[in-house]
Amino acid sequence: MPFEPGEVVAPGDPRIVLEGQWGHQPGVAITVNSGSRISFSFAGERLQLLFDTTGLTVAPHLWITIDDGEPKLQLVEHPVIELSAPDGRHQVEVVVKDVNEHVNRWNPPFECAVVFAGMVLDVNSRLRLSGRPGGPRLEFYGDSITQGVLALSTHPESEGADGTASYAYLTARAFGATSYQVGFGRQGILRPGNGDVPPGMESFGWNFAGSPAERVEPSDVVVINLGVNDETLAPQQYADFVRRVRSAYPGTTIVSLTPFSGKHADAIKSAVKSLDDPNVVLVDSTGWITEADTTDGVHPSVPGHAKIADHLITALETHTSLRRRS
């Protein structure tokens, strides 16, 4: 039976929940970050997700889950992705598995990005109002590890990456949190990331070039896991980045998580001490994982990310008011 279009729904419709770092432009919502999510519920059988793929040279990877089914991999190669299910009420989650780090994803027009243009419902389907997320709000700022690069395998492109395997994604889910998972491969505090992404000092506070990251309300906890890609990092330079975060969120707990390799750990410890800020917490990740917990000696495997998440969840329960969801 051919798809018979009914209601057209814009990406900013209140019945659609966007989670993560999304920039809004007329008619579209854009994310360049793995781990970002789209969720909604509908009654009926069929609908079409709409994407703007103009100019993309590499297709972003999505996981799409309907109800309690297994996530299905979907590459955004075409402007329309059709979803179908038995007639009834359904919950849909669309999670960004990976936005490729090796092509431009910072300066519009993008070579890889998820440009969500809303949806078209079948004439017999209806979009339902979903409850807004009620849990805490977490933000993660990191590099390829936070992005989930090489988590699945040593394949250097999106095939080997999965933002939903990342320790950041797992930690947020454990707390039932709304999550802003911002990870850029190769990026440091001072070092630019792949894909035309500027250094952490310059990219913080932006969804992508020209799109300020606007929060309706401050986050409860911000986790920083940057520094391993910086060749050199002085305590003052790291402290300046934390001050930049603090200026955006005056009352938020900031967690400085040392790189899992231990690189620059002493500089980061000195920086945190120099800040003399009771709401900046140092979490030392020494010994959380070993080389056996990686796919390439550096990037955590899926079990490696799970180990990191277990440690981080415990640390956040110890140092903040967060409590894992029962």
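Criteria and cut-off values
- Residues numbered from 1 in each chain as written.
- Predicted model: local features only at pLDDT ≥ 70, side-chain atom pairs only at ≥ 80, totals over all residues.
- Heavy atoms only, no water.
- Helix = DSSP H or I, 4+ residues; strand = E, 2+ residues; numbered from the N terminus.
- Buried < 20%, exposed > 50% of the residue type's maximum accessible area, 1.4 Å probe, protein only.
- Contact = heavy atoms within 4.5 Å.
- Areas by Shrake-Rupley, 256 points an atom, 1.4 Å probe, with all protein chains shown as cover.
- Lys, Arg positive; Asp, Glu negative; His and termini not counted.
- Charge placed at Lys NZ, Arg CZ, Asp CG, Glu CD.
- Salt bridge = Lys/Arg side-chain N within 4 Å of Asp/Glu carboxyl O.
- Polar contact = N/O pair within 3.5 Å; in protein donor to acceptor, adjacent residues only side chain to side chain.
- 1 Å grid on protein atoms, 1.4 Å probe; cavity = no way out; pocket = protein on both sides within 12 Å on 5 of 7 lines; lining within 4 Å.
- Points joined across faces, edges and corners; volume = space filled by probe spheres on them.
- Nonpolar A, V, L, I, M, F, W, Y, C, P; charged D, E, K, R; others polar.
- Phe/Tyr/Trp six-rings, centres within 6.5 Å; stacked < 30°, edge-to-face > 60°.
- Lys NZ or Arg CZ within 6 Å of the ring centre and 35° of its normal.
- Core = buried A, V, L, I, M, F, W, Y, C linked by side-chain atoms within 4.5 Å.
- Axes fitted to C-alpha atoms, helices over the stretch in contact; angles between N-to-C directions.
- Parallel < 35°, antiparallel > 145°, perpendicular 65-115°, else oblique.
- Left-handed = near helix turned anticlockwise from the far one by under 90°.
- Expected span 1.5 Å × (residues − 1).
- Arc of directions from axis to C-beta.

Participant: Is there a simple way to think about the overall build of the protein in this case?
Facilitator: Scanning the protein from N- to C-terminus turns up six helices and 17 strands. For the protein, the spread of C-alpha atoms along the three principal axes comes to 65 × 40 × 40 Å. For the protein, the proportion of its 326 residues judged to be buried stands at 57%. Restricting the contact set of the protein to residue pairs at least 6 apart, pairs at least 24 apart contribute 75%. Surface exposure of the protein reaches about 13,700 Å², of which carbon and sulfur atoms provide 51%. Considering the protein, the positive charge centre built from 25 side chains and the negative charge centre built from 39 side chains are found 5 Å apart.

Participant: Please explain the side chain of Asp98 as it appears in this structure.
Facilitator: Relative to the helices and strands, Asp98 is located in strand S8 (residues 80–98). The buried charged residue Asp98 lacks any salt bridge partner; its closest oppositely charged side chain belongs to Arg105, at an N-O distance of 6.0 Å. A polar contact of 2.6 Å, which involves the side chain of Asp98, links it to the side chain of Ser158. When sequence neighbours within four positions are dropped, the list of residues in contact with Asp98 reads Ser34, Pro60, His61, Gln147, Ser158 and Ala161.

Participant: Got a minute to help me understand empty space enclosed by the protein in this structure?
Facilitator: Regions of empty space are outlined by a rolling probe, equal in size to a water molecule, passed over the atoms. What the rule picks out here adds up to two cavities of 30 Å³ or more. Each pocket or cavity is described by its volume, and for the largest cavity that value is around 80 Å³. Residue lining of the largest cavity: 13 residues in total, with Tyr141, Val182, Gln187, Ser203 and Phe204 positioned closest to the centre. Contributing elements (two or more residues each) for the lining of the largest cavity: strand S11 (137–142) and helix H3 (200–203). Here the lining of the largest cavity is composed, by residue class, of seven nonpolar, six polar and no charged. Taken together, Asp98, Asn100, Glu101, His102, Gln147, Val149, Leu150, His155, Pro156, Glu157, Ser158 and Ala161 make up the full set of residues lining the second largest cavity.

Participant: Looking at this structure, I do not really get the packing of aromatic side chains. What am I missing?
Facilitator: Aromatic ring pairs are defined here through the distance separating the ring centres and the angle between the ring planes. Per the counting criterion, the structure on display carries eight aromatic pairs. Relative to Phe208, the ring of Phe110 has its centre 5.0 Å away and its plane inclined at 85 degrees; by these criteria the two rings are edge-to-face. Here Phe110 is found in the loop between S8 and strand S9 (114–122), whereas its partner Phe208 is found in strand S13 (residues 206–208), with 98 residues between them in sequence. There is no split in this pair, since Phe110 and Phe208 are both buried. Among the aromatic residues, those joined into a cluster by ring pairs are Phe140, Tyr167, Phe260 and Trp288. Between the NZ or CZ atom of Arg173 and the centre of the ring of Tyr169, over which it lies, the distance is 4.8 Å.

Participant: What's the story with the nonpolar core in this structure? I'm lost.
Facilitator: Note on soluble globular proteins: their nonpolar side chains tend to be buried together. In terms of nonpolar packing, the biggest core is built from 31 residues, with Ile30, Phe110, Ile224, Tyr238, Phe241, Val242 and Val245 touching the most fellow members. Put simply, the parts of the chain that give this core at least two residues each are strand S4 (28–31), strand S15 (221–225), helix H4 (235–248) and helix H5 (265–275). It is H4 that provides the largest number of residues to this core, a total of five residues.

Participant: I would appreciate a short explanation of the layout of surface pockets in the present structure.
Facilitator: What the largest pocket holds in volume is close to 630 Å³. Surrounding the largest pocket, 27 residues form its lining, Leu18, His24, Arg132, Tyr180 and Val216 being those nearest its centre. Considering every element that reaches the lining of the largest pocket, the biggest residue donor is strand S2 (residues 17–19), with three residues. Classifying every residue of the lining of the largest pocket by side-chain character gives 11 nonpolar, nine polar and seven charged. For the second largest pocket, the calculated volume is near 220 Å³. Lining the second largest pocket are 17 residues, with Glu19, Arg37, Ser39, Glu93 and Pro133 sitting closest to its centre. Sorting the residues of the lining of the second largest pocket by element identifies S2, strand S5 (37–51) and S8 as the ones contributing at least two each. Counted by class, the lining of the second largest pocket contains three nonpolar, eight polar and six charged residues.

Participant: Would you explain the packing of H4 against H5 in this entry?
Facilitator: H5 packs onto H4 with a crossing angle of 55 degrees between their chain directions and a minimal axis gap of 8 Å. Taken together, H4 and H5 sit at an angle that is classed as oblique. Regarding H4 and H5, the two cross each other, and that crossing is right-handed. Here Pro235, Tyr238, Ala239, Val242 and Arg243 of H4 come into contact with H5, specifically with Ala267, Ile268, Ser270, Ala271, Ser274 and Leu275. Here the residues of the contact of H4 with H5 are counted per class, giving eight nonpolar, two polar and one charged.

Participant: What should I look at first to understand H4 in this one?
Facilitator: With 14 residues, H4 should cover 20 Å at 1.5 Å per step; its first-to-last C-alpha distance of 20 Å lies within 8% of that length. Taken together, the buried positions of H4 are Tyr238, Ala239, Phe241, Val242, Val245 and Arg246. Buried residues of H4 fall within an arc of 155 degrees about the axis and therefore sit on the same side. Buried residues in H4 make contact with H3, S15, strand S16 (253–257), H5 and strand S17 (280–283).

Remember that the coordinates give geometry; whether it matters functionally is a separate question.
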